[in-house]
Amino acid sequence: MAKQIVRYGVGFGLAVATTLLAYWFVVGHVFTGGWLVAAIMLLAVLQLAIQMVFFLHLGSGREARWNVVSFFFMTLILVVIVAGSLWIMYNLNYNMMTMNQSQKDGYMKQQSNSGGF
């Protein structure tokens, strides 16, 4: 039990340290522009890894293998959903931008009257 408490304490300390480091980068103007965004993103990925290892117990042990597999499957499904949604929105935006406002209004009225969405 004491080993688990120490493990959670180390994980919490590392998570707080990455948060404070990101805060210091912004407030202290350590980086600017794209470098700041890259540093914040790097710290976010590092904190994600810390939380997965220390709190979600996604390690390399034999018992954690299925947790890792399910995590990567969840990540794959999430990427497919987000990429598909962005692709659909881009296509809708592209197709709707080719019309002028009166054409859009006519199309929307036509769809409304026909019961289509």
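Residues numbered from 1 in each chain as written. Predicted model: local features only at pLDDT ≥ 70, side-chain atom pairs only at ≥ 80, totals over all residues. Heavy atoms only, no water.

## Details of unusual backbone geometry
(1) Moving on: For histidine 29, which is not glycine, the phi dihedral falls at a positive 55 degrees.
(2) Moving on: For histidine 29, the location among the structural elements is in the loop between α1 (2–27) and α2 (33–54).
(3) Moving on: On the accessibility criterion, histidine 29 (63% relative accessible area) is exposed. (Helix = DSSP H or I, 4+ residues; strand = E, 2+ residues; numbered from the N terminus. Buried < 20%, exposed > 50% of the residue type's maximum accessible area, 1.4 Å probe, protein only.)

## Quick word on the packing of aromatic side chains
(1) Moving on: Scanning all chains against the criterion turns up four aromatic pairs.
(2) Moving on: Plain terms: the ring middles of tryptophan 24 and phenylalanine 25 are 5.7 Å apart, the flat faces sit at 40 degrees to each other, and that makes the pair tilted.
(3) Moving on: Using a relative accessible area of 11% as the deciding quantity, one classes phenylalanine 25 as buried. (Phe/Tyr/Trp six-rings, centres within 6.5 Å; stacked < 30°, edge-to-face > 60°.)

## Digging into the confidence of the model for the protein chain
Segments scoring low in pLDDT should not have their predicted coordinates read at a detailed level.
(1) Moving on: Mean pLDDT over the protein chain stands at 87; residues scoring 70 or higher make up 96%.
(2) Moving on: Of all secondary-structure elements in the protein chain, the lowest mean pLDDT belongs to helix α4 (residues 101–114), at 83, while α1 reaches the highest, 94. (pLDDT = per-residue confidence, 0-100.)

## Regarding the nonpolar core
(1) Moving on: By size, the foremost hydrophobic cluster in this structure holds five residues: Ala22, Phe25, Leu36, Ala39 and Leu43.
(2) Moving on: If you list the elements that add at least two residues to this core, you get α1 and α2.
(3) Moving on: It is α2 that contributes the most residues to this core, three residues altogether.
(4) Moving on: The residues touching leucine 43, leaving out its near neighbours within four places in the chain, are Thr18, Leu21, Ala22 and Phe25. (Core = buried A, V, L, I, M, F, W, Y, C linked by side-chain atoms within 4.5 Å. Contact = heavy atoms within 4.5 Å.)

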